[in-house]
Amino acid sequence: MQNIESPHRRIMSGSRPTGRQHIGHLFGALSNWVMLARDNDAFFEIADYHALTTGYEKTDALQSNIVEMVLDWLAVGIDPARSAVYLQSQIPEIAEMHLLLSMIVPVAWLQRVPTFKDQIAALGPEIATYGFLGYPLMQLVDIAIVRANAVPVGKDQLSHIELAREIVRRFNHLYGATLVEPQALLSEFPDVPGTDGRKMSKSYGNAIDLADDDATTTKKIRAMLTDPLKVRRNDPGRPEICPVFSLHNVVNAERVSAIEAACRSGELGCLDCKLELAARLNATIAPVRERRANIDPASIPALLANGAERARAIAVPTLADVKSAMKIG
Ligand code: TRP
């Protein structure tokens, strides 16, 4: 993991409320958030405006997705007493700052972000709206409005953070030093494979959810694809192409070299290898699942209101600075 030594590091990150979080979220991002939040000021945002950019046609599940995501965040150890956990749409200053900054961001910068074309290719031309084009600008506003200097994200977000830095530099160049230039912090396991070997993602149907029970997890792992050339137990396997092995790497570090050797020699069969992974993963997630089951969802609105109040304590003066720098309002 990258490290910037700064006594006043302020962390900000967020996620679109897509519902239940999976172990890819946990090992790719959330565990890093939890660790960073121990020694840093931290702001964790549920990006519901961002959810609208790609999901504006179907918003029925939005509210329940928000609740499920907050439950998962709390279950993995994000502590709302220590870190601000809030809903983007409850910070109206974000919308106002987004409008102001939209005046200075060249359209070509936004069109050039790889996720813009990739997402249109993946989700269809109907997502190519004005709001969707502004997605990375809104992300910068999320970060800059709370004056965060460090943003823990996965690899797929690096182009957004790079653009965020360019927009900050442009703003500061035009109107004087006002906004903080953020830096990305990559976690140790940015890419967690799903059960089919592709990146774990709800939309691929290859995810193991944090809220899955032990039996469901074991069933999903038993059905995982392995090296297609390892048909029988004694056939030698190729761990480097096997998603089961990649997951051992994430949750079973102390056994990983023994597993690698035993797979290559043919001594370890895929079923045993999977059952060991399932047991290990279930043991790792057990405390998360237990905490999740004990959180009262009725406590969430007050928790978010408190988080919004804390985020607005910084967002309101930041927006005032932006307006005064731009000589408007
Ligand atoms: N774009 C991020 C993602 O898809 C979510 C996000 C929204 C975010 N606002 C943010 C991440 C601010 C970091 C900082 O994962």
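Throughout what follows, the structure given in this document is the object of discussion.

Conventions used here
Residues numbered from 1 in each chain as written. Predicted model: local features only at pLDDT ≥ 70, side-chain atom pairs only at ≥ 80, totals over all residues. Heavy atoms only, no water. Helix = DSSP H or I, 4+ residues; strand = E, 2+ residues; numbered from the N terminus. Rg over C-alpha atoms; globule rule 2.2 N^0.38 Å. Buried < 20%, exposed > 50% of the residue type's maximum accessible area, 1.4 Å probe, protein only. Contact = heavy atoms within 4.5 Å. Areas by Shrake-Rupley, 256 points an atom, 1.4 Å probe, with all protein chains shown as cover. Phe/Tyr/Trp six-rings, centres within 6.5 Å; stacked < 30°, edge-to-face > 60°. Near = heavy atom within 4 Å. Polar contact = N/O pair within 3.5 Å; in protein donor to acceptor, adjacent residues only side chain to side chain. Nonpolar A, V, L, I, M, F, W, Y, C, P; charged D, E, K, R; others polar. Pairing = 2+ DSSP bridges. 1 Å grid on protein atoms, 1.4 Å probe; cavity = no way out; pocket = protein on both sides within 12 Å on 5 of 7 lines; lining within 4 Å. Points joined across faces, edges and corners; volume = space filled by probe spheres on them. Core = buried A, V, L, I, M, F, W, Y, C linked by side-chain atoms within 4.5 Å. Salt bridge = Lys/Arg side-chain N within 4 Å of Asp/Glu carboxyl O.

### Quick look at the overall build of the chain
The helix and strand inventory of the chain stands at 14 helices and 5 strands. A globule of 329 residues ought to have a C-alpha radius of gyration of about 20 Å, and the chain, at 21 Å, matches this closely. When its C-alpha atoms are laid out on the principal axes, the chain stretches across 75 × 45 × 40 Å. Among the 329 residues that make up the chain, the fraction classed as buried is 49%. Counting only contacts in the chain whose residues sit at least 6 apart along the sequence, the fraction spanning at least 24 positions is 79%. Split by element, the accessible area of the chain, about 15400 Å² in all, is 54% carbon and sulfur.

### Some details on the packing of aromatic side chains
Counted by the stated rule, this structure contains 6 aromatic pairs. Between Phe43 and Tyr86 the ring centres are 6.4 Å apart and the planes differ by 75°, which places this aromatic pair in the edge-to-face class. Of this pair, Phe43 sits in strand β2 (residues 41-46) while Tyr86 sits in strand β3 (residues 84-87), and the two are 43 residues apart along the sequence. Exposure class is identical for Phe43 and Tyr86. Each is buried.

### So, the site of the ligand
Near the ligand lie 15 residues; those nearest to it are Gly14, Tyr135, Gln139, Asp142 and Gln157. At 2.8 Å, a side-chain N or O of Tyr135 approaches a nitrogen atom of the ligand. Calculation on the ligand without its partners gives an accessible area of 370 Å², and the protein chains cover 91% of this total. Elements with a minimum of two residues in the shell around the ligand: β1 (10-15), α8 (135-145) and β4 (150-153). Considered class by class, the residues forming the shell around the ligand number 6 nonpolar, 6 polar and 3 charged.

### Quick look at the pairing of β3
With burial as the criterion, each face of β3 is covered, one bearing Ala84 and Tyr86 and the other bearing Val85 and Leu87. Alignment of β2 against β3, held across 4 bridges, turns out to be parallel. Within β3, the residue paired with Ile46 across the bridge is Leu87.

### Section: the side chain of Asp227
For Asp227, the location among the structural elements is in the loop between α10 (214-222) and α11 (243-251). Looking at Asp227, the relative accessible area reads 3%, which means it is buried. Among the polar contacts made by the side chain of Asp227, one reaches the main-chain amide nitrogen of Leu229 at a distance of 2.9 Å. Engagement of the side chain of Asp227 in a polar contact is seen with the side chain of Arg238, the distance being 2.7 Å.

### Things to note about the layout of surface pockets
The calculated volume of the second largest pocket comes to roughly 370 Å³. For the second largest pocket, the lining is made up of 16 residues, of which His98, Ser102, Tyr130, Gly131 and Gly134 are closest to its centre. Breaking the lining of the second largest pocket down by element, the ones donating at least two residues are α2 (48-55), α4 (92-102), α5 (107-111), α7 (130-133) and α8. Of the residues assigned to the lining of the second largest pocket, the class counts are 11 nonpolar, 5 polar and no charged.

### Some thoughts on the nonpolar core
Core analysis: the biggest nonpolar cluster contains 54 residues, and Ile23, Phe27, Ile46, Trp73 and Ile78 have the highest contact counts within it. At the level of elements, α1 (23-39), β2, α3 (62-76), β3, α11, α12 (256-265), α13 (270-293) and α14 (300-326) are the ones that each hand at least two residues to this core. Examining the composition of this core, we find that 9 residues originate from one element, α3, more than from any other. Not counting residues up to four positions away in its chain, the partners in contact with Trp73 are Ser15, Gln21, Leu30, Trp33, Phe44, Glu45, Ile46, Ile78 and Val85. Within the second largest apolar cluster, 46 residues are counted, among which are Phe43, Ile104, Val146 and Ile167.

### Digging into the pattern of salt bridges
This structure, assessed with the given rule, holds 19 salt bridges. With a closest N to O distance of 2.6 Å, Glu93 and Arg312 form a salt bridge. Here Glu93, found in helix α4, pairs with Arg312, found in helix α14; they are 219 residues apart in sequence, far enough to count as distant. A relative accessible area of 33% means that Arg312 is categorised as partly exposed.

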